[in-house]
Amino acid sequence: MTKSAKQNFLPRERSMKLELDVTATIFRSDLLNNWNDFRRFFAWRETENPFHILISEILLQKTNARTVESVYNMVVEKYPTPHMLSLANPDELILILKPLGLAYRAERLIAISNTIVNKYEGSVPDSLNELLSLPGVGNYVARAVACFAFNQAYLPWDTNMVRISERVFNLYSSMSRPRTDIKLADYLGSFLLAKSCVRVKEIVWSMLDFASSICTARNPKCEGCFAFEYCSYRDTFNALQGEF
């Protein structure tokens, strides 16, 4: 890039960041102010126990949240601590998890509990890198636990968050699998979460509920959406409406 090109690029970059910052500030405020209209309530949102939150995130993988709730309650009641779950009979745990399918989660939960007991003295680690070191824990679960259990400014990044990124903020990943684009997650998170340290998990919960109830993958409820006026998807939606 030539010197003159760099000089022209920097003001545009600053302008784009300023615009994104303004949109993120408005969206965050509107999101929380309207959350009660589409808020979901789950048992794991009522606890501050990091281990129980970790269990919930493992159970929620590839599974409907409502299906998970009764199973989650049984697991944390029978195995409330890492030590107790590390000693669980795999067959008994598989039976409890049967309604969810994916029996491998029983072995994964036991392996995670063993690591927490043996490596972290029975306490769920609070750093992202240490969470990622737990058996079978990937970026989404690690970031979710860091956010929900320890109020750290990480966006748990999945297809729901990608959809909000693209539609509301016009931020697209250059990767073939956008849900693996952690750099984009951190970039959007720097605008949405960095200035809101007190309410980080509430912002993320409300985003997940927004994606589940309003900004859905199919047939999003754009009409009446609080973000419609500044959402980048508005023109696409209006064009689609004009086809009918």
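Before reading on, note that the structure itself is shown above.
Heads up: these notes are all about the structure in this document.

Definitions and cut-offs
- Residues numbered from 1 in each chain as written.
- Predicted model: local features only at pLDDT ≥ 70, side-chain atom pairs only at ≥ 80, totals over all residues.
- Heavy atoms only, no water.
- Axes fitted to C-alpha atoms, helices over the stretch in contact; angles between N-to-C directions.
- Helix = DSSP H or I, 4+ residues; strand = E, 2+ residues; numbered from the N terminus.
- Parallel < 35°, antiparallel > 145°, perpendicular 65-115°, else oblique.
- Contact = heavy atoms within 4.5 Å.
- Nonpolar A, V, L, I, M, F, W, Y, C, P; charged D, E, K, R; others polar.
- Patch = residues over 30% accessible without salt bridge, like charges linked within 9 Å, V, L, I, M, F, W, Y side chains within 5 Å.
- Areas by Shrake-Rupley, 256 points an atom, 1.4 Å probe, with all protein chains shown as cover.
- Salt bridge = Lys/Arg side-chain N within 4 Å of Asp/Glu carboxyl O.
- Buried < 20%, exposed > 50% of the residue type's maximum accessible area, 1.4 Å probe, protein only.
- 1 Å grid on protein atoms, 1.4 Å probe; cavity = no way out; pocket = protein on both sides within 12 Å on 5 of 7 lines; lining within 4 Å.
- Points joined across faces, edges and corners; volume = space filled by probe spheres on them.

Thoughts on the packing of helix 9 (residues 159-169) against helix 11 (residues 200-213)
Here is step 1 of the chain: For the pair helix 9 and helix 11, interaxial distance at closest approach is 9 Å and the crossing angle is 80 degrees. Between helix 9 and helix 11, the angle falls in the class roughly perpendicular. Of the residues in helix 11, those in contact with Asn160, Met161, Arg163, Ile164 and Val168 of helix 9 are Val204, Met207, Leu208, Phe210 and Ala211.
Here is step 2 of the chain: When the residues that make up the contact of helix 9 with helix 11 are grouped by side-chain class, the tally is 8 nonpolar, 1 polar and 1 charged.

Here's the deal with a nonpolar patch on the surface
Here is step 1 of the chain: A surface patch of nonpolar side chains, about 260 Å² in accessible area, is lined by Leu18, Val22 and Ile26.
Here is step 2 of the chain: If you trace the backbone, Val22 turns up in helix 1 (residues 3-34).
Here is step 3 of the chain: For Val22, a relative accessible area of 44% translates into the label partly exposed.

A few points about the layout of surface pockets
Here is step 1 of the chain: Considered as a void within the structure, the largest pocket measures approximately 990 Å³ in volume.
Here is step 2 of the chain: What lines the largest pocket is a set of 32 residues, and nearest its centre among them are Leu60, Gln61, Lys62, Tyr140 and Asp158.
Here is step 3 of the chain: Within the residue set of the lining of the largest pocket, elements represented by two or more residues are helix 2 (50-60), helix 3 (65-78), helix 6 (104-119), helix 8 (139-150), helix 9 and helix 11.
Here is step 4 of the chain: The computed volume of the second largest pocket comes to approximately 330 Å³.
Here is step 5 of the chain: Lining the second largest pocket we find 14 residues, and of these Met16, Glu19, Leu20, Phe169 and Leu171 sit closest to its centre.
Here is step 6 of the chain: Put simply, the parts of the chain that give the lining of the second largest pocket at least two residues each are helix 1 and helix 9.

So, to be careful, I would describe these as geometric facts and stop short of saying anything about function.
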